[in-house]
Amino acid sequence: QVQLVESGGGLVQAGGSLRLSCAASGRTFSTYAMGWFRQAPGKEREFVATITWNGGNTVYADSVKGRFTISRDNAKNTAYLQMNSLKPEDTAVYYCAVSAQVQLYRLLRQDVYAYWGQGTQVTVSS
């Protein structure tokens, strides 16, 4: 069992930055891939970014590529999502999740993630 707690969300003006954190419990955190997803009001939850268990590979949604950076610190059982140049369309509840999947292309799918956090709200004003 892995428990995930997101933090770092808030209200920011367009063009600003936020860093989300995802703290994980459990000794096996370092063996899991980590993903960030988001759900805007009235929309389905969508993929944002993912990072493999050792941080060696990352994938981003086209909508955030070049603006967001996913990283992890296995010694701290924590993953991060640095969000720069934020836009109003980035407004959403952001969720982190973990997956035992090792094939990078599968990590874009929500159904391969076994454990999810409760989410943190990010609001970007124009």
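Preceding this section is the structure that the text describes.
Residues numbered from 1 in each chain as written. Predicted model: local features only at pLDDT ≥ 70, side-chain atom pairs only at ≥ 80, totals over all residues. Heavy atoms only, no water.

Q: Got a minute to help me understand the overall build of the protein in this structure?
A: The number of helices and strands found in the protein is zero helices and eleven strands. Compactness check: the protein gives a C-alpha radius of gyration of 13 Å against a globular reference of 14 Å for 126 residues, within 12% of the reference. If one aligns the C-alpha atoms of the protein with their principal axes, the spans along those axes are about 40 × 25 × 25 Å. The buried share of the protein, reckoned over its 126 residues, is 44%. Excluding contacts between residues fewer than 6 apart, the proportion of contacts in the protein whose partners are at least 24 apart in sequence is 59%. Carbon and sulfur atoms make up 47% of the accessible area of the protein, which amounts to about 6,400 Å² in all. A gap of 6 Å separates the mean positions of the 12 positive and 8 negative side-chain charges of the protein. (Helix = DSSP H or I, 4+ residues; strand = E, 2+ residues; numbered from the N terminus. Rg over C-alpha atoms; globule rule 2.2 N^0.38 Å. Buried < 20%, exposed > 50% of the residue type's maximum accessible area, 1.4 Å probe, protein only. Contact = heavy atoms within 4.5 Å. Areas by Shrake-Rupley, 256 points an atom, 1.4 Å probe, with all protein chains shown as cover. Lys, Arg positive; Asp, Glu negative; His and termini not counted. Charge placed at Lys NZ, Arg CZ, Asp CG, Glu CD.)

Q: Quick question: what am I supposed to make of the packing of aromatic side chains here?
A: For any pair of aromatic rings, geometry is given as the distance between the ring centres together with the angle between the planes. Evaluated as defined, the whole model comprises four aromatic pairs. With centroids separated by 5.8 Å and ring planes inclined at 75 degrees, the aromatic side chains of Phe 37 and Phe 47 adopt a geometry described as edge-to-face. Residue Phe 37 is found in strand E4 (residues 33-39), and its partner Phe 47 is found in strand E5 (residues 46-51); the two are separated by ten residues along the sequence. Ring centres of Phe 37 and Tyr 113 lie 5.0 Å apart, and the angle between their planes is 80 degrees; this geometry places the pair in the edge-to-face category. Here Phe 37, found in strand E4, pairs with Tyr 113, found in the loop between strand E9 (92-99) and strand E10 (115-116); they are 76 residues apart in sequence, far enough to count as distant. Put simply, the rings of Phe 37, Phe 47, Tyr 113 and Trp 116 touch in pairs and so form one group of aromatic residues. (Phe/Tyr/Trp six-rings, centres within 6.5 Å; stacked < 30°, edge-to-face > 60°.)

Q: Can you walk me through the state of the cysteines in this structure?
A: Cysteine pairs can be covalently joined through their sulfur atoms, and such a bond is termed a disulfide. Scanning all chains against the criterion turns up one disulfide. Across the disulfide, Cys 22 is cross-linked to Cys 96 (sulfur-sulfur distance 2.0 Å). Between Cys 22 and Cys 96 the sulfur-sulfur dihedral comes to about 65 degrees; the bridge is accordingly right-handed. Within this pair, whereas Cys 22 is found in strand E3 (residues 18-24), its partner Cys 96 is found in strand E9, the two being separated by 74 residues in sequence. (Disulfide = S-S within 2.5 Å.)

Q: In this structure, what is going on with the pairing of strand E1 (residues 4-7)? I would like to understand it.
A: Residues in a regular strand project their side chains so that they alternate between the two faces of the sheet. Burial of E1 is one-sided: the residues Leu 4 and Glu 6 facing one way are buried, the residues Val 5 and Ser 7 facing the other way are not. Sheet topology note: the E1/E3 ladder contains four bridges and is antiparallel. Within E3, the position partnered with Val 5 by the bridge is Ala 23. (Pairing = 2+ DSSP bridges.)

Q: Explain the sheet that holds E3 here, please?
A: Whether parallel or antiparallel, the strands of a sheet pair through hydrogen bonds between backbone atoms. Spatially, the four strands line up as an open sheet ordered E1-E3-E8-E7, and their pairing is antiparallel. The outermost strands of the open sheet, each flanked by one partner alone, are E1 and strand E7 (68-73). Ignoring strand direction, the axes of neighbouring strands in this sheet form an average angle of 15 degrees. (Axes fitted to C-alpha atoms, helices over the stretch in contact; angles between N-to-C directions.)

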